[in-house]
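As a plain string of letters, each chain reads:
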Amino acid sequence: MANICLYLHAHQPFRLRKFSIFEIGKNITHANYFDDEINNRHLERVIFKSYVPTIDLFKDLIKKTNGEFRLGLSISGVLIEQFEKQNPEVIKLLKSLIDTGACELIGETHYHSLASYFSEKEFRLQIDMHKRKLRKVFNSIPKTFRNTELLYYNHLAPIILDMGYKGVLIEGADKVLMGRSPDFVYSAKNHNELKLLTKNYRLSDDIAFRFSDSHWEEYPLNASKFLSWIKSSLQNNGSDDQTVNIFMDYETFGEHQWKETGIFDFLKTFVLEAISQGIKFLTPGEVIQKNKLKTEELDIVEPLTWADTERDLSAWIGNDLQKDIAYRLYGLEKKVIASKNTYIINQWRQLQTSDHFYYVCTKWSNDGDVHKYFNPYNSPYDAYINYMNILRDLEFKLN
Amino acid sequence: MVKNILMIGWEYPPFNSGGLGVACQGLADSISATGVNIVFCLPQKIDNTKKKKGIFFDFLDCTICQKKNKDFLHTYSYSTDSSKKGLNKHHKTGGTLVELVKLYANQVLENTKNYNFDIIHAHDWLTVPAALALREKSKKPLVLHIHATEFDRAGGMYSLNSEIANIEREGLIYADKVIAVSHYTKEKIINLYGISPQKIEVVHNGIISDDGGFFLDCNEGFFKNKKVVLFVGRLTIQKGVDWFLKAAKEVIKANKDTVFLIVGDGDYKGKAIELANDLGISDKIVFTGFLRDNELKKAYGLANVFVLPSVSEPFGITALEAVKSGLPVILSNNSGAREIIKGSIGVDFWNTKDMAEKITAVLSYPKLRDKLIEDSKKDLGFATWGRAANEIIKIYNNLTNG
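Parameters and conventions
Residues numbered from 1 in each chain as written. Chains lettered and ligands numbered in written order. Predicted model: local features only at pLDDT ≥ 70, side-chain atom pairs only at ≥ 80, totals over all residues. Helix = DSSP H or I, 4+ residues; strand = E, 2+ residues; numbered from the N terminus. Rg over C-alpha atoms; globule rule 2.2 N^0.38 Å. Contact = placed C-beta atoms within 7 Å. Pairing = 2+ DSSP bridges. Domains from an automatic or database assignment. Nonpolar A, V, L, I, M, F, W, Y, C, P; charged D, E, K, R; others polar. Buried ≥ 20, exposed ≤ 12 C-beta atoms within 10 Å, placed from the backbone. Axes fitted to C-alpha atoms, helices over the stretch in contact; angles between N-to-C directions. Core = buried A, V, L, I, M, F, W, Y, C linked by C-beta atoms within 7 Å. Left-handed = near helix turned anticlockwise from the far one by under 90°. Parallel < 35°, antiparallel > 145°, perpendicular 65-115°, else oblique. Right-handed = clockwise from strand over helix to strand, strands pointing away.

Colleague: Even after reading the chapter, I still don't get the overall build of chain A, so can you show me in this structure?
Modeller: Across its full length, chain A holds 18 helices and ten strands. For chain A, whose C-alpha radius of gyration is 21 Å, the value lies close to the compact-globule estimate of 21 Å for 399 residues. Taking the principal axes of the C-alpha coordinates as reference, chain A spans close to 65 × 45 × 45 Å. In chain A, of all internal contacts separated by at least 6 residues, the share reaching a separation of at least 24 is 77%.

Shown next, in the form of structure tokens:
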């Protein structure tokens, strides 16, 4: 038979408040760039609709299957901070899930940033921050890594290895697999000791994006249909070294796909049916452990991500407006660090959260719909203006 | 296949007060270019009309207004004080607008006896009595093209003229098909008049494309080294010039080198000048009056950003002109143009602080300006009269095929 590796990613940005262009440089000592009220309200909603009911379901499934159901989970540092501040009960619940031993915590950058593309120093520092946070809050030391938006390319392999990780979760894009199956374990170019787990995007997106789409020809999706797809994805009817990697946003359960769509029932039935048919669930770390020997290399020269049809960085730094704010922000690194002002340094890092760049994306067609769903601004131009106003204010403070 | 169309209009360039005439010309030219013959009825003789193959103009002579009087169109078509519009006698022509519209109906009925046509295509409420009478008599299907509703002209529910609204309603009810110039307008027709959505097709306007550019380079005199914010439109309540001036005050407060160019005429002009005075910004506001052709192009050429602050704008052809001139545009969220110009910044007309911020941002952030220009230029590809004509011919054919 074969294995399933279910991995979920939980994250909420600190959304920016409306910052007027006429406000730039007016409040030198203290200006909060973030909309605490909106962030709190949003967080409470997602906690209620998604985070808590999903934890409950997972714990229930782990108990029912005597720990046979297992999964991987990443929680961005900025989300952990929001839980701590706003609703520490969720931290307790998460802890009880981690304590079952069936849920592996995955490491990432604390600020959910694209620092790996702009500054190695920042990248390392933010990985370290996240690691320390996981240890402090959950008493857990991560061994598997996921970069923001699953961003990965050859260049990052030695850095990630050096930071103490044995494997990375990446997008199983056609352009890097080139006809090979995403259900095997691969390794980094010239670094066999760093394993790459490739997301099976067809099967993952069937749940994450298409589950409740009534125009989809496979609608409605049920557990047995999905299991039959998993089986047909495998080669030679499956073998123990094959693992179907189902990676998606945690918020798929209950927020992107509402409870009313039947997503929770689907998840439950799917897990129980899979186990009863002899399919094993493994955490990302366990998959890596099983495939320590030599594996085929993936040569990934250009930045690869899990977004849009391009599977590159174009959703965040694709247009001139996005490039403008990104390079401007990272261009401030030296000045910000030299200021030794922890308040400013923290604000600068919170501005690195990838969501801020995503809001400025101008792809209208196809993937544009997905973008719209996640965007609190009326248009990418509005998002750019607000971000620029804040950036200009930050520059003002630094000078 | 439909061969002959009888169009009923009210104004036509160069004798127009605004977008209605421009749209009628764009439509007539491009529909006739597909080989369909058009007889275009207008209430009075218009000289210098560009002659196009396939369009025959029938200038009727409304006897109340005996003179070829430019004022006739201006004052009659669009009066700000909508509540009195249909009731007061006009001092020059001696009839109210509603009387005139009814007189026009008789004239159309009388003069079109000998024409052979498959479909009647009428533009706006001014032609409704004529169109309904002709439909009744000829038993031909009627397409009513709505360029603006009474709600738009009056700038809200409370000042609309019920006599005009009733004529408009009657036209919408009896028309066999309604064309709206935007989804925004379609929604208005559904919500205000209770017309079935299935009866209404949206056909967005275009922009005259055979005219090389809309831009005349011009940076001289007073405007040298200044940032110029441009408004083009009739000076009426509907066009939101008062909100624009309030935003101007905020912009000027932060940047003294900004000037506001207001192109257009209308009965709100006096009040607008007064308001600029009261706000203490009259030295930064330039009122040019109504401009056309090269003068208008110069205005576009002078500007750094174009703003359409309308309270309610069914379409807004000036927004397309601005894009064509290579300007970044800020458009009222209550406008049809925003549906097709995605490369634009939206604004609520009443939120003058936000309008001021957006104007200032476009003037301050060059990357933003460049991106808006780049994106909106792409949207212009959709905004051709040829595309509009094809959509309308499809509607004609569906009507006659049953």
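So that's the structure; there's more coming.
Colleague: Where do I start with the sheet that holds strand β5 (residues 167-171) of chain A in this structure?
Modeller: Two modes of strand pairing occur in sheets, parallel and antiparallel, and in both the strands are linked by backbone hydrogen bonds. Residues and elements named next belong to chain A. The strand order across the open sheet formed by five strands is β4-β5-β7-β6-β10, and the pairing between neighbours is mixed. The sheet is open, and its two borders are formed by β4 (144-145) and β10 (297-298), each paired with just one other strand. Examined bridge by bridge, strand β6 (residues 185-188) and strand β7 (residues 191-199) share four bridges and lie antiparallel to one another. Directly across from Val 185, in β7, lies its bridge partner Leu 197.

Colleague: Explain the domain arrangement of chain A to me, please; I cannot follow it from the model alone.
Modeller: Much of the literature gives interface size as the accessible area that the parts lose upon coming together. Residue and element names in this part refer to chain A. Its domain assignment divides chain A into domain 1 (3-298) and domain 2 (314-398). The C-alpha-based centres of domain 1 and domain 2 are spaced at 23 Å. Residue composition of the side of domain 1 that touches domain 2, grouped by class: 15 nonpolar, six polar and five charged.

Colleague: What exactly am I supposed to notice about the interface of chain B and chain A here?
Modeller: Every contact between the two is made by 16 residues of chain B and, on the other side, 16 residues of chain A. Of all the secondary structure elements, the ones that give two or more residues to the side of chain B that touches chain A are β13 (345-347), α14 (352-364) and α15 (366-380) of chain B. For the side of chain B that touches chain A, the leading source of residues is α15(B), giving six residues. In terms of residue class, the side of chain B that touches chain A is built from six nonpolar, three polar and seven charged.

Colleague: So what exactly am I meant to see when it comes to the environment of A:Gln350 here?
Modeller: Residue and element names in this part refer to chain A. Assignment of secondary structure puts Gln 350 in helix α15 (residues 342-350). With 19 C-beta atoms counted inside 10 Å, the residue Gln 350 sits in the partly exposed group. Spatially, the C-alpha atoms of Gln 350 and Arg 15 are 9.4 Å apart, while their sequence positions differ by 335 residues. Contact partners of Gln 350, with chain neighbours within four places excluded, come to Phe 14, Phe 34, Val 78 and Tyr 111.

Colleague: Whenever I open this one, the sheet that holds strand β6 (residues 177-180) of chain B confuses me. Can you help?
Modeller: All names here are of chain B. With parallel pairing, the seven strands of this open sheet are ordered in space as β3-β2-β1-β4-β5-β6-β7. Since the sheet does not close on itself, it has two edges, and those belong to β3 (55-59) and β7 (200-202), each with one partner. The mean angle between the axes of side-by-side strands here comes to 20°, regardless of whether they run parallel or antiparallel. Sheet strands in contact with helix α1 (residues 19-32) are β1 (4-8), β2 (37-42), β3 and β4 (119-123), and its direction is about 160° off that of β2.

Colleague: What am I meant to see in helix α5 (residues 128-138) of chain B here?
Modeller: Working note: α-helix, 3.6 residues per turn, so residues spaced by three or four point in the same direction. Residue and element names in this part refer to chain B. Turning to α5, its buried residues are Val 128, Pro 129, Ala 130, Ala 131, Leu 132 and Leu 134. The secondary structure elements touched by the buried residues of α5 are β1, α4 (97-111), β4, β5 (142-146) and α7 (162-174). A positive phi of about 60° marks Lys 139, the residue just after α5.

Colleague: Which parts of the structure should I look at to understand the domain arrangement of chain B?
Modeller: Residues and elements named next belong to chain B. Its domain assignment divides chain B into domain 1 (4-206 + 384-400) and domain 2 (221-380). Mapped onto the side of domain 1 that touches domain 2, the elements with two or more residues apiece are α1, α6 (150-154) and α8 (183-193). For the side of domain 1 that touches domain 2, the residue count by class is eight nonpolar, twelve polar and two charged.

Colleague: Is there a simple way to think about the nonpolar core in this case?
Modeller: If you look at soluble globular proteins, the nonpolar side chains tend to sit buried side by side. In this structure, B:Leu261, B:Ala303 and B:Ile359 are the most contacted members of the largest nonpolar core, which totals 233 residues. Counting residues per element, this core draws most heavily on helix α18 (residues 380-398) of chain A, which supplies nine residues.

Colleague: Any chance you could explain the packing of α4(B) against α5(B) here in plain terms?
Modeller: Axis angle and axis distance: for two packed helices, these are the angle between their axes and the distance between the axes, and together they describe the pair. All names here are of chain B. Running from N to C, α4 and α5 cross one another at 35°; their axes reach a closest spacing of 7 Å. Where α4 crosses over α5, the handedness of that crossing is right-handed. Judged by residue contacts, Val 101, Lys 102, Tyr 104, Ala 105, Val 108 and Leu 109 of α4 engage Pro 129, Ala 130, Ala 133, Leu 134 and Lys 137 from α5. Here the residues of the contact of α4 with α5 sort into nine nonpolar, no polar and two charged.

Colleague: Before we go on, may I ask you to explain the packing of helix α9 (residues 241-254) of chain B against helix α10 (residues 269-278) of chain B in this structure?
Modeller: Residues and elements named next belong to chain B. It is the contact of α9 with α10, at a shortest axis distance of 10 Å, that shows an interaxial angle of 20°. The orientation of α9 with respect to α10, classified from their angle, is roughly parallel. Taken as a pair, α9 and α10 cross one another with a handedness that is right-handed. Residues Val 241, Asp 242 and Leu 245 of α9 form the contact with α10, whose own contacting residues are Ala 272, Leu 275 and Ala 276. Here the contact of α9 with α10 is built from residues that sort into five nonpolar, no polar and one charged.

Colleague: Honestly, the pairing of β6(B) in this entry has me stumped. Any pointers?
Modeller: If a strand is regular, its side chains alternate between the two faces of the sheet. Residues and elements named next belong to chain B. Of the strand pairs in this sheet, β5 and β6 are connected by four bridges, and their pairing is parallel. For Leu 144, the partnering residue across the bridge sits in β6 and is Val 178. Bridge count for β6 against β7 is three bridges, and the pairing is parallel. Counted as the bridge partner of Ala 180 is Val 202 from β7. Taken together, β6, α8 and β7 constitute a β-α-β crossover, and its handedness is right-handed.

Colleague: Hey, could you run me through unusual backbone geometry in this one?
Modeller: A negative phi angle is the norm for most residues apart from glycine, just as the trans form is the norm for most peptide bonds. All names here are of chain A. The omega torsion of the bond from Tyr 219 to Pro 220 falls at -5°, within 30 degrees of zero and hence cis. If you trace the backbone, Pro 220 turns up in the loop between α8 (201-208) and α9 (223-233). Although it is not a glycine, Asn 66 sits at a positive phi angle of roughly 50°. Along the polypeptide, Asn 66 turns up in the loop between α1 (36-64) and β2 (71-75). Take Asn 66: there are 9 C-beta atoms within 10 Å of it, and that puts it in the exposed class. Its identity is not glycine, yet Arg 311 carries a phi of approximately 55°, on the positive side. Inspection of the secondary structure puts Arg 311 in the loop between β10 and α12 (314-317).

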